[in-house]
Amino acid sequence: MREITLSKAVNEAIAEEMRRDPTIFVIGEDIAEAGTPFKVLSGLVTEFGTERIIDAPISEPGFMGIAVGAAMTGSRPIVDLMFGDFLFLVMDQLCNQAAKTHYMSGGKLKAPLVLRTNLGATRRSAAQHSQSLHGLLAHIPGLKIALPSSAYEAKGLMKTAIRDDNPVVIFEDKLMYNDKAPVPEEEYLIPFGVANILRKGSDITLIATSSMVQVAQKAAEILAAESGISAEVIDPRTIVPLDEETILTSVRKTGRAIVIDEGHQSFGVTAEIASRINEKAFYHLDAPVQRIGAMDVPVPFSPVLEDLTVPTPQIVVERARRCVKGELFYAA
Amino acid sequence: MPREVIMPALGMAQTTGLIVAWLKKPGEAVKKGDALMEVETDKAVMEVEAQADGFLTDVRVAAGDAAPVGDVVALISDSPAGSGAAPAPRPADAARAQSDAPVPAAQAEPRPTPAERRAPKLAAEPEADAIGRRILASPKARRLAAEQGLDLSRLVAAGAPQPFHVSDLETLRALPAALAVSAPQTAQASRHLTARVRGDAFQGFCEWMRAETGASPDATSVMAGMAAAALRRGASDEPLIVAAEAFGQRRLYADPDRLGLGRAKTAEPGQAPALILRDLRGTGVAALRMGAEAAPALSVTRDGPDMLVTLECAPGQLQPEAAVDLISEFAGQLAEPLRHLL
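So, here's what we can say about the structure. Within each chain, residues carry numbers counting from 1 in the order of the written sequence. Each chain takes a letter, starting from A, and each ligand takes a number, starting from 1, following the order in which they are written. Selection of residues for local features in this predicted model requires a pLDDT of at least 70, selection of side-chain atom pairs for listing and counting requires 80 or more, and totals for whole chains, interfaces and linings are taken over all residues. To obtain the side-chain values, all non-hydrogen atoms of the structure were included, while hydrogens and water were left out.

What follows is about the overall build of chain A. In DSSP terms, a helix is any run of H or I states spanning at least four residues, a strand is any run of E spanning at least two, and both are numbered starting from the N terminus. Scanning chain A for helices and strands turns up eleven helices and 14 strands. Contacts were defined at the residue level, with two residues in contact if any of their heavy atoms lie within 4.5 Å. For chain A, contacts bridging at least 24 residues in sequence account for 81% of all contacts bridging at least 6. Carbon together with sulfur atoms contributes 56% to the accessible area of chain A, which is approximately 13,500 Å² in total. Here the Shrake-Rupley method, with its probe set to 1.4 Å, supplies the accessible areas, and only the displayed protein chains count as covering residues.

Dropping the structure here:
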């Protein structure tokens, strides 16, 4: 099968959907001729013109509001938010308006829009361009949150997002745009709320999102090779909706779990998933559920410090070993 | 017919109102529309008007106190003396009315101080004790033990380190039926020797073996090999059985000094050991005096970074020089494990 980059996969997904459905348009900063700073949308303006690939001025609340209104009145906009950190600028339009439109209109109105943006640190982009804010949005009922972990996932999830009748936020990891993966030529969609088991294992379950899936897979390889520990790796793909059953089934089998996510550790995705495991698989746990998130600090600009703030395979391996050995971390 | 004066709801989310002041005295005549009391809500102080003509009586809530919205705070009666009896409280109010009723000071129970209210009355069973007695085990281990009728407290008694996990249930199943009485209570140990060695050498040796051989040696069996070598030292080639005890499990090793470290084979059960080795490093035991057993007993305990080796035996089992030799040689091997290889 051919291999393409994550950038190309997203580009293809949007182009295919735009050919299929004339109500779809894209709006954002530097997306037309520039094709976004990450070149993800390169070439789309040539095919679809500036009426459907709309360069907006630096005005996130404005073009987000335009998109919500357009979505409510029959279009299917894709909003391109250059950095996930800019989410704070569009909170009212997204959380108070788009997320609640369907509910508050008693189902009479819909806001079928996609907000595509990014997450991820270690790009040396400093504290205001490196955040992973997906957990923040997952707290808001009415928003669906997709976290592609490869080019294949990015294309399938984007196409499903565009066809969804409610607002969907897709976070791509900004360090993965050039990562290649096998992506079939023929059309496919990846349904929301169906987790992907990337590796079968019997000793411990590693639940990881977005680029942390790579971290978990690397850790699983090391654990198998060096410690004889068999780790199961699960990518939830979407955290809203969350495929709880696949996670719980795995943990009931292994009795141990580590949740890995690049959002800040406190009050985030790792906390939510760990908590659900505790609630629903408690009597199957042979060790406390472990969480590995990003450090609770603004992402440092210093490369040396920045690298220390995010989960790595080594951290996962160390934690998994102690977990399987039955070392007590927190008692007494 | 007296009319009730009700605490009104002055705000949307108000649940109680504070009576700032009564603007009429008990027994005073009031006219409908007269300001009767000042009520403070979270937002403002407002005057509340009388809803009927009459006399203010039966004031139940004093100025400065709060009352729930909807509660009767006073009556407007036909005579200054009032109804003579308070109107029957609604059932839901009964309990509160009772507890709120003023009680003569002499009869009142002393109010608990805030500290007393916080501390539950469990003086007989302080929290720390309760935690100390609780067995630490994973939820899964606990569930499986319950399902299989296994008693985790036997693992505690056997000295296995907590918390227990599913893997510890194997140890529990393998425990002899009555560990406590299996040790023969024979003669007093009249020989009791102790040696102290640094713990890091043996630890390092085990790690080195792990790195060299790729296998994970059972430290207790390595120790059994050293103990057997120390006892045999220059003596015969006769078979030598060592009984090694760790985490409540007892294994018999046949000639553990002859098979290469960590590769000791377990012996047929039922054979009488020539030496007993207790590996108590995983327990909290620091020093011990157990009494003589059927064979000389070497016990290894942890004391900070050091290991303590204790040899106990009956006088008839080892001569004084032999006892000193045995513990010196064993301690020497623990301190410098490479000696064993020579």
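The subject of this paragraph is the environment of Ala32(A). All names here are of chain A. Its place among the elements puts Ala 32 in the loop between β2 (24-28) and α2 (44-48). Residue classification places Ala 32 among the buried residues on the basis of a relative accessible area of 4%. C-alpha separation for the pair Ala 32 and Arg 52, spaced 20 residues apart in sequence, amounts to 9.4 Å. The classification of residues rests on relative accessible area computed with a 1.4 Å probe and restricted to protein chains. Under 20% of the type maximum is buried, over 50% is exposed, and intermediate values are partly exposed.

Contact with chain B, which involves nine residues of that partner, is made by 13 residues of chain A. For the pair chain B and chain A, the summed buried area comes to about 800 Å², and 59% of that belongs to carbon and sulfur atoms. The quantity reported as buried area is the accessible area (1.4 Å probe) lost by two parts once they are put together, taken as the sum for both. Interface area lost by chain B to chain A is led by Pro139(B), Lys140(B) and His165(B), which between them contribute 58%. A side-chain nitrogen of Lys or Arg and a carboxyl oxygen of Asp or Glu constitute a salt bridge if their distance falls within 4 Å. On the surface where chain B and chain A come into contact, there are zero salt bridges. Two N or O atoms count as a polar contact when they lie within 3.5 Å, although within protein this holds only if one can serve as hydrogen donor and the other as acceptor, and sequence-adjacent residues are included solely when both atoms are side-chain atoms. Where chain B packs against chain A, one counts five residue pairs in polar contact (both at pLDDT 80 or more).

Further remarks concern the pairing of strand β2 (residues 16-22) of chain B. Residues and elements named next belong to chain B. Pairing between strands is defined by DSSP: at least two bridges between the two strands are required. Note: β2 against strand β7 (residues 66-68), three bridges, orientation antiparallel. Across the sheet, residue Gly 17 finds its bridge partner in β7, namely Ala 67. One ladder, built from four bridges, connects β2 with strand β4 (residues 35-40); its direction is antiparallel. Within β4, the position partnered with Ala 21 by the bridge is Glu 38.

This next bit is on the sheet that holds strand β9 (residues 196-199) of chain A. Residues and elements named next belong to chain A. Strand order in the open sheet made by the five strands is β9-β11-β10-β13-β14, with mixed pairing throughout. Two strands lie at the open edges of the sheet, namely β9 and β14 (290-294), each paired on one side alone. Sheet twist, expressed as the average angle between the axes of neighbouring strands with direction ignored, equals 25 degrees. In this structure, strand β13 (residues 257-264) lies alongside β14, joined through four bridges in parallel fashion. Axis definition: a line fitted to C-alpha atoms, over the contacting stretch in the case of helices. Angles run 0 to 180 degrees between N-to-C directions.

Another aspect to go through is the sheet that holds β2(B). All names here are of chain B. Taking strand neighbours across the sheet as the criterion, the four strands line up as β5-β4-β2-β7 in an open arrangement whose pairing is antiparallel. The sheet is open, and its two edges are formed by β5 (45-49) and β7, each paired on a single side. Between one strand axis and the next, the sheet turns by 40 degrees as a mean value, whatever way the strands run.

Attention shifts here to the nonpolar core. Buried together is how nonpolar side chains tend to be arranged in soluble globular proteins. Take the buried Ala, Val, Leu, Ile, Met, Phe, Trp, Tyr and Cys residues and link them wherever side-chain atoms come within 4.5 Å; each set so joined is a nonpolar core. Judged by nonpolar contacts, the single largest core of 86 residues is most densely connected at Ile14(A), Ile53(A), Leu87(A), Leu94(A), Leu137(A) and Ile277(A). Looking at this core element by element, the count peaks at seven residues for helix α1 (residues 6-20) of chain A. Counting residues in each nonpolar core, the second largest holds 35 residues, with Ala195(B), Met223(B), Val242(B) and Cys313(B) among its members.

So, on to empty space enclosed by the protein. Residues and elements named next belong to chain A. Only protein atoms enter the 1 Å grid used here. Points where a 1.4 Å probe fits but cannot escape make up a cavity, open sets with protein on both sides within 12 Å along at least five of seven lines make up a pocket, and a residue lines them when an atom lies within 4 Å of a point. Grid points are joined across faces, edges and corners, and a volume is the space filled by probe spheres set on the points. For the coordinates displayed, the defined rule picks out three cavities of 30 Å³ or more. If you go around the largest cavity, you meet 13 residues; those closest to its centre are Ser 130, Glu 262, His 264, Ala 294 and Val 299. Of the residues belonging to the lining of the largest cavity, the class tally is six nonpolar, six polar and one charged. Counting the residues that make up the lining of the largest cavity, at least three belong to each of domain 1 (3-182) and domain 2 (196-325). Its volume calculated, the second largest cavity comes out at about 70 Å³. Lining the second largest cavity are Thr 36, Pro 37, Phe 38, Val 40, Asp 80, Leu 81, Met 82, Arg 116, Thr 117, Asn 118 and Tyr 177. It is strand β5 (residues 114-119) that contributes the most residues to the lining of the second largest cavity, three residues altogether. The classification used treats Ala, Val, Leu, Ile, Met, Phe, Trp, Tyr, Cys and Pro as nonpolar, Asp, Glu, Lys and Arg as charged, and all other residues, Gly among them, as polar. Note that the domain bounds reflect an automated or database-derived domain assignment.

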